[in-house]
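# Observations on the three-dimensional arrangement
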Amino acid sequence: ETEGRRAADALEREAAMERKVQSLELELKAERAGREATQSSLLDADEGAGEREAAWEAQRQILVDDASRLRESLHEAVRERDDLRLRAAALDEGSPKAPSPSAPN
C-alpha cells in the first residue's frame with residue numbers, strides 16, 4: 001500500500017509540475033507576444049518620426065528655394081527700377097526746357 005501511495009504521490013507531483021510547466025510556457029508566450037508588439041510599435045513610431053523628419057526637410061527645402069527665388073526677383077526688380085530711374089533722368093536732362101519769362105528771345 002505504501003508503494004502504491006508513493007507512486008500516486010509521484011504521479012500527482014508530476015502532474016502538478018506539468019501544469020506548472022504549461023502555465024510558465026503560456027506566460028512566456030504572452031511575454032514574447034507583448035515584447036514583439038512593443039517592438040513593432042517602437043519601429044512604427046521610429047518610422048513615423050523618420051517620415052515626419054523627411055517631410056520637414058522637404059518643406060524646409062521648399063522654403064529655402066522660395067526665398068532664393070524671391071531674392072533673385074528682388075534683385076531683378078531693383079535693377080529694373082534703377083535702369084528706369086537712369087532713363088527718366090536722361091530724358092529729363094535731354095528735354096528742351098521751357099523758356100523763362102525773363103530770358104530775351
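All of these numbers come straight from a predicted model, not from anything done at the bench.

### Observations regarding a negative patch on the surface
A cluster of like negative charges, contributed by D44, D46, E47 and E51, occupies part of the molecular surface. Secondary-structure assignment places E51 in helix α1 (residues 2-94).

### Some thoughts on the pattern of salt bridges
One pass over the full model with this rule turns up 6 salt bridges. Two residues, E31 and R35, come together in a salt bridge whose shortest N-O distance is 3.6 Å. Taken together, the residues span about one helical turn, with E31 and R35 both in helix α1 at a distance of 4 residues. Given a relative accessible area of 48%, E31 falls into the partly exposed group. When its relative accessible area of 47% is taken as the criterion, R35 is described as partly exposed. Ionic pairing is found between R81 and D82, a salt bridge with its closest N-O pair at 3.1 Å. Residue class for R81 comes out partly exposed when judged on its relative accessible area of 39%. A residue is classified by how much of its surface remains accessible, and D82, at 32% relative accessible area, is partly exposed.

Parameters at a glance
Numbers given for residues are sequential positions, taken from 1 along each chain in its written order. Reporting in this predicted model follows two pLDDT cut-offs: at least 70 for local features of residues, and 80 or more for side-chain atom pairs to be given and counted; totals over whole chains, interfaces and linings ignore these cut-offs and use all residues. Processing note: side-chain calculations cover all non-hydrogen atoms of the structure and skip hydrogens and water entirely. Every patch collects residues that have over 30% relative accessible area and no salt bridge, joining them within 9 Å if they carry like charges and within 5 Å if they are nonpolar side chains (Val, Leu, Ile, Met, Phe, Trp, Tyr). Throughout, the Shrake-Rupley method with a 1.4 Å probe supplies accessible areas, and for residues the shown protein chains are the sole cover considered. Any Lys or Arg side-chain nitrogen found within 4 Å of a carboxyl oxygen on Asp or Glu counts as a salt bridge. For the charge count, each Lys or Arg is scored as positive and each Asp or Glu as negative, with His and the chain ends excluded. A charge is said to be at NZ when it belongs to Lys, at CZ for Arg, at CG for Asp and at CD for Glu. Under the DSSP-based scheme used, a helix requires at least four consecutive residues in state H or I and a strand at least two consecutive residues in state E, with every element numbered from the N terminus. A 1.4 Å probe rolled over the protein chains alone gives each residue an accessible area, and that area as a share of the maximum for its type sets the label: buried under 20%, exposed over 50%, partly exposed in between.

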